[in-house]
Amino acid sequence: TYDGTVWKSSTGGVVASGGTESTFTAGGLSYKSHTFTSSGTFTVEGQGDIDIMIVAGGAAGGGYGGNDGSGGGGAGGMVVQTAVSAAPGTYNVVIGAGGGATGGATRGNNGSNSSISLSGTTTAIGGGGGGSETSGDRTGKDGGSGGGAGGYGVKLGGLGTNGQGNNGGPCTGPGDGGGGGKGAAGNSGTTGTGGAGSGNVFRTGSNIDYAGGGGGSGDQRNSRGSGGGAGGSGGGGAGSNATSGSTAGNGSANTGGGGGGAAGSNYTAGGSVSGSGGSGIVVIRYAL
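Residues numbered from 1 in each chain as written. Predicted model: local features only at pLDDT ≥ 70, side-chain atom pairs only at ≥ 80, totals over all residues. Heavy atoms only, no water.

Peer 1: How should I be thinking about the side chain of Ser-114 in this particular structure?
Peer 2: Along the chain, Ser-114 turns up in strand β8 (residues 114-116). From its side chain, Ser-114 meets the backbone oxygen of Val-55 in a polar contact 2.8 Å long. For Ser-114, the side chain forms a polar contact with the main-chain nitrogen of Gly-96, separated by 2.8 Å. The contacts of Ser-114, once residues within four sequence positions are left out, are Ile-54, Val-55, Ala-56, Gly-57, Val-94, Ile-95, Gly-96, Thr-122, Thr-123, Ala-124, Gly-280 and Ile-281. (Helix = DSSP H or I, 4+ residues; strand = E, 2+ residues; numbered from the N terminus. Polar contact = N/O pair within 3.5 Å; in protein donor to acceptor, adjacent residues only side chain to side chain. Contact = heavy atoms within 4.5 Å.)

Peer 1: Looking at this structure, I do not really get the environment of Tyr-152. What am I missing?
Peer 2: By the secondary structure assignment, Tyr-152 is in the loop between β9 (122-124) and β10 (154-155). Here Tyr-152 falls in the partly exposed class, since its relative accessible area comes to 35%. Tyr-152 sits 18 residues away from Thr-134 along the chain, and the two C-alpha atoms are 9.2 Å apart. (Buried < 20%, exposed > 50% of the residue type's maximum accessible area, 1.4 Å probe, protein only.)

Peer 1: Please explain the nonpolar core as it appears in this structure.
Peer 2: Soluble, globular proteins show a tendency: their nonpolar side chains are buried together. Grouped together as the largest cluster of nonpolar side chains are 21 residues, with contacts concentrated most on Phe-42, Ile-50, Ile-52, Leu-118 and Ile-284. Elements that contribute at least two residues to this core include exactly β4 (40-46), β5 (48-55), β6 (78-86), β7 (89-94) and β14 (281-287). Once you skip the residues sitting within four places of it in the chain, Ile-50 turns out to touch Val-14, Phe-42, Gln-81, Thr-82, Ala-83, Val-84, Ala-86, Leu-118, Ile-284, Arg-285 and Tyr-286. Ranked by size, the runner-up nonpolar core spans 9 residues in total, among them Ala-75, Phe-202, Tyr-210 and Ile-281. (Core = buried A, V, L, I, M, F, W, Y, C linked by side-chain atoms within 4.5 Å.)

Peer 1: How should I be thinking about the packing of aromatic side chains in this particular structure?
Peer 2: Aromatic ring pairs are defined here through the distance separating the ring centres and the angle between the ring planes. Going through the model one piece at a time under the given rule, you end up with 1 aromatic pair. Seen in terms of ring centroids, Phe-24 and Tyr-31 are 5.6 Å apart; in terms of plane orientation they differ by 20 degrees. Their pairing is stacked. With respect to burial, Phe-24 and Tyr-31 carry one shared label: buried. Arg-285 extends its terminal NZ or CZ atom over the ring of Tyr-31, reaching a point 4.3 Å from the ring centre. (Phe/Tyr/Trp six-rings, centres within 6.5 Å; stacked < 30°, edge-to-face > 60°. Lys NZ or Arg CZ within 6 Å of the ring centre and 35° of its normal.)

Peer 1: When you look at the side chain of Ser-240 in this model, what are you seeing that I'm missing?
Peer 2: Mapped onto the fold, Ser-240 is located in the loop between β13 (208-210) and β14. Among the polar contacts listed, one links the side chain of Ser-240 to the backbone nitrogen of Ala-263, at a separation of 2.5 Å.

Peer 1: It is not clear to me how the environment of Val-283 should be interpreted in this structure. Could you clarify?
Peer 2: Note that Val-283 resides in strand β14. Sequence separation between Val-283 and Met-53 is 230 residues, and the spatial gap between their C-alpha atoms is 5.2 Å.

Peer 1: Is there a simple way to explain the pairing of strand β2 (residues 20-26) in this structure?
Peer 2: Both β2 and strand β3 (residues 29-36) contribute to a ladder of 7 bridges, which runs antiparallel. What sits directly across from Glu-21, in β3, is His-34. Where β2 folds back onto β3 in an antiparallel hairpin, the turn is made up of 2 residues, including Gly-27, whose phi is positive at roughly 60 degrees. (Pairing = 2+ DSSP bridges.)

Peer 1: Please explain the pairing of β5 as it appears in this structure.
Peer 2: A regular strand places its side chains so that they alternate between the two faces of the sheet. Summarising burial for β5: 7 of the 8 residues are buried, a large majority. Note that β5 and β14 share 5 bridges and pair antiparallel. Opposite Asp-51, over in β14, you have Arg-285 as the bridge partner.

Peer 1: What am I meant to see in the environment of Ser-38 here?
Peer 2: Looking at the secondary structure, you find Ser-38 in the loop between β3 and β4. Residue Ser-38 is classed as partly exposed on the basis of its relative accessible area, which comes to 48%. With 76 residues separating them along the chain, Ser-38 and Ser-114 place their C-alpha atoms 10.0 Å apart.

Peer 1: Explain the sheet that holds β2 here, please?
Peer 2: Across a sheet, paired strands are connected by hydrogen bonds in the backbone, their directions being either parallel or antiparallel. Pairing in this open sheet of 5 strands is antiparallel, and the strands run β2-β3-β14-β5-β6 from one edge to the other. Edge positions in the open sheet fall to β2 and β6, since each of these has one partner strand only. Averaged over all pairs of adjacent strands, the angle between their axes in this sheet comes to 20 degrees, without regard to strand direction. (Axes fitted to C-alpha atoms, helices over the stretch in contact; angles between N-to-C directions.)

The structure is reproduced here in C-alpha cells:
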C-alpha cells in the first residue's frame, strides 16, 4: 500500500529486489535473502530493517624468488550489520575482486573493497598481500586482514582492520606466516596456516564460513620444512609445498579467502606462482 510518501508491505516487512533472491525459514521465522556475487543494485520499495553481510576480496599470497618461502594472503574484511534502516531507493552494491596471483619475487596483490551505499556507504577493506622472500618485501601488507610474512629472519605480518579482520602471521625464523582471517590471526611455525574465517547465516539460514586467510608456503632454507600451510576455513587457499613444487591454492570465489604463498625451493615446477585471492560477496536478508 502507498501512504502518500512511501510504499509499505501489508505485513510490515521490507519489499525489495536485486541480486539472487531466495527465501528460507530459520528459528521459526521466514526470511528473504539477496545475494550479490557481482556488482549490481539493491532496490527498496517498501521500507524496513535489514541485516547485511559485506565481504571484500581476499589478497594473493607472496611470490617466489629463491630458496625461501612466502606468506599467505590476508582475507578480505568482513562487516556484519543488523537492523539497518532501509528507506525506499536504489542502492549500489560493489563486489571486490580478489588480488591477482604474482609469479615474481614480490609481495602479493591486495584484494579490492566491497561496499553498499545504504545509509551512507559501508565498506569492507580488501585483504593484504602476503610477504615475499625478497629483502624489502618480506613483511605482509595491511588490509581487511593482514598478509603473512615471508622470507627468513623475524618479520611481521600485515595489520588487519579493526572490526573487519586480523593480523597476518609473522615469520619467526623457522617458518612463513599465514594470512589473517576474520575469525583469527594467521599462524607462524614451520609453515603458517591461514587464520580461520567466520560463519554467517544470512544467505540460507545455515552457517557458511567466509574470509579465511591463505596458508604460508614451505621452503628449504636451513631445513625449515617443506610442507605448505593449510588455508583457513572460509575459503583460504593452501600454501605450496617446497619439495614437490605444488601449485599454491587460490582463495575460493565469493568468500573473500586469501591465496596461498608460493614455495621457495629448487623445485620450481608449479611452485613459482602464488595463489590468487577469492572475490567478495554481499548478502542482505530480512524477515518476511
